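Next come the chains, spelled out residue by residue.
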Amino acid sequence: GFSQVGAESGWRTANTDSIKGEAAKRGIELKFADAQQQQENQIKAIRAFIAQGVDVIAFSPKVETGWEPVLKEVKAAGIPVVLTDRAVTVSDPSLYVTFIGSDCVEEGRRAGAWLAKKTGGKAVIAELVGTSGSSPAIDRKKGFAEVLAKNPGMKIVKSQSGDFTRAGGKQVMEAFLKSPDAKQLTALFAHNDDMALGAIQAIEEAGLKPGKDIVIVSIDGVKGAFEAMVAGKLNCTVECNPQIGPQLFDLIEKVAAGQKVPERVAVEEGVFDETQAKAELPNRKY
Ligand code: GZL
């Protein structure tokens, strides 16, 4: 049984495609539940998986907290849990067997380091934060802040959640640009490409040039980000690889067979900026 966060971004739909595709390739019966970004739907789906007596439960938790009760029910039912993509905060680490996903703190560091290099360490930054309470939003903010702590000429003057969606990014950026001190902005850090693409629309509608008047760095590495970089409207995207289907099912098959697996499985990913976008775009698979 797999409980997915939703279909909020290009990254998420690519992640779902990878999971469904790999299960089909391996002939594994996959019960897939899309929670439409509601934690209570994920909890309901996990309870249904227990009732159906699945072999393994895997899920990407929308937010870090609120999982203890249902994970205790899963443990009591003797069903192993594999966490993917996002992390949970629980007092009992035995409530899940392993976590496969990106290091989002490192992704935040890479975004900050690239912006520091691009701006010579001088930037007045707006921040579009991911889904409140989600581990990627918390961790990306943390990693980016580590770089700012070493670059006193860079500061975040506006920060608000756009919930990882294009619409959210556009709405919040419109509000940022309407504020009286908007003229000071020289850079945007978006926690994902979908919010950056929405913000690019808002920046253009405000008569400014995205990628020039406001330098933009975001995270995910979806095709739309590469197309925006080729168009000169986005400057850098830090890759967050959604295509974890093969690694995930390797883990699930081992867990189902009662074999030992590592507690933490990392995902390989890089950084791509405007100088590489044209050459890399044809290689992008999501
Ligand atoms: C990151 C993942 C995030 C993506 C967003 O691991 O959880 O959720 O960065 C997605 O695009 O909505």
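The sections below set out a description of the structure shown in this document. All values derive from a computational prediction rather than experimental measurement.

Focus on the pairing of strand β6 (residues 123–129)
Taken residue by residue, a regular strand's side chains alternate between the two faces of the sheet.
Okay, step 1: Here β6 lies mainly inside the structure; 7 of its 7 residues are buried.
Okay, step 2: With burial as the criterion, each face of β6 is covered, one bearing Ala123, Ile125, Glu127 and Val129 and the other bearing Val124, Ala126 and Leu128.
Okay, step 3: Sheet topology note: the β6/strand β7 (residues 154–161) ladder contains 7 bridges and is parallel. Residue Ala123 lies in a different strand from β7, and its bridge partner there is Met154.
Okay, step 4: A crossover links β6 with its parallel partner β7, the connecting element being helix α5 (residues 135–149), and its sense is right-handed.
Okay, step 5: Two elements, β6 and strand β8 (residues 187–190), share 4 bridges in a ladder whose sense is parallel. Among the inter-strand pairings, Ala126 is bridged to a residue of β8, identified as Leu188.

Observations concerning the sheet that holds β8
Okay, step 1: Read across the sheet, 6 strands follow the order β7-β6-β8-β9-β10-β12 without closing on themselves; strand pairing throughout is mixed. Of all the strands in the sheet, just β7 and β12 (271–273) have a single pairing partner and so form its edges. Direction aside, the axes of adjacent strands within the sheet are offset by 20° on average.
Okay, step 2: Here strand β10 (residues 236–239) pairs with β12 via 3 bridges, running antiparallel.

Quick look at the site of the ligand
Okay, step 1: In the neighbourhood of the ligand, the contacting residues comprise Glu8, Ser9, Trp11, Arg12, Asp85, Arg86, Pro136, Arg140, Phe164, Asn192, Asp220 and Cys240.
Okay, step 2: The separation between an oxygen atom of the ligand and a polar side-chain atom of Ser9 is 2.9 Å.
Okay, step 3: At 2.4 Å, a side-chain N or O of Asp85 approaches an oxygen atom of the ligand.
Okay, step 4: The protein chains hide 100% of the 320 Å² of surface that the ligand would expose on its own.
Okay, step 5: Among the secondary structure elements, those contributing two or more residues to the shell around the ligand are α1 (10–26) and α5.
Okay, step 6: In the shell around the ligand, the residues fall into 4 nonpolar, 2 polar and 6 charged.

Examining unusual backbone geometry
Okay, step 1: The backbone of Asp85 sits at a positive phi, close to 75°, despite the residue not being glycine.
Okay, step 2: You can call Asp85 buried: its relative accessible area is 9%.
Okay, step 3: Positive phi, close to 55°, is recorded for Asp163, a residue that is not glycine.
Okay, step 4: Inspection of the secondary structure assignment puts Asp163 in the loop between β7 and α6 (166–178).
Okay, step 5: Classification of Asp163 by relative accessible area gives partly exposed; the value is 29%.

Quick word on the pairing of β8
Okay, step 1: By the alternation rule, side chains of β8 split into Ala187 and Phe189 and Leu188 and Ala190, which are all buried.
Okay, step 2: Bridge analysis of β8 against strand β9 (residues 215–220) gives 3 bridges, and the strand direction is parallel. Bridging across to β9, Phe189 finds its partner in Val217.
Okay, step 3: Chirality of the crossover, the property in question, places the unit of β8, helix α7 (residues 193–205) and β9 among those that are right-handed.

Considering the pattern of salt bridges
Opposite charge on two side chains makes pairing possible when the charged atoms of those side chains draw close.
Okay, step 1: Taken as a whole and judged by the stated rule, the model has 25 salt bridges.
Okay, step 2: In this structure, Lys25 and Glu22 form a salt bridge, with 3.8 Å as the shortest nitrogen-oxygen distance. Of this pair, Lys25 and Glu22 both sit in helix α1, separated by 3 residues, roughly a single helical turn.
Okay, step 3: Owing to a relative accessible area of 68%, Lys25 belongs among the exposed residues under this scheme.

Structural notes on helix α4 (residues 104–119)
Okay, step 1: The end-to-end C-alpha distance of α4, which contains 16 residues, comes to 23 Å, matching closely the 22 Å that a straight helix rising 1.5 Å per residue would cover.
Okay, step 2: Among the residues making up α4, those that are buried are Cys104, Val105, Glu107, Gly108, Ala111, Gly112, Trp114, Leu115 and Ala116.
Okay, step 3: For α4, the capping residue at the N-terminal end is Asp103, with a side-chain oxygen 3.1 Å from the backbone nitrogen of Val105.
Okay, step 4: Residue Gly120 follows α4 closely and has a positive phi angle near 65°.

The rules we used
Residues numbered from 1 in each chain as written. Predicted model: local features only at pLDDT ≥ 70, side-chain atom pairs only at ≥ 80, totals over all residues. Heavy atoms only, no water. Buried < 20%, exposed > 50% of the residue type's maximum accessible area, 1.4 Å probe, protein only. Helix = DSSP H or I, 4+ residues; strand = E, 2+ residues; numbered from the N terminus. Pairing = 2+ DSSP bridges. Right-handed = clockwise from strand over helix to strand, strands pointing away. Axes fitted to C-alpha atoms, helices over the stretch in contact; angles between N-to-C directions. Near = heavy atom within 4 Å. Polar contact = N/O pair within 3.5 Å; in protein donor to acceptor, adjacent residues only side chain to side chain. Areas by Shrake-Rupley, 256 points an atom, 1.4 Å probe, with all protein chains shown as cover. Nonpolar A, V, L, I, M, F, W, Y, C, P; charged D, E, K, R; others polar. Salt bridge = Lys/Arg side-chain N within 4 Å of Asp/Glu carboxyl O. Expected span 1.5 Å × (residues − 1).

Any functional reading would require information that these geometric values do not contain.
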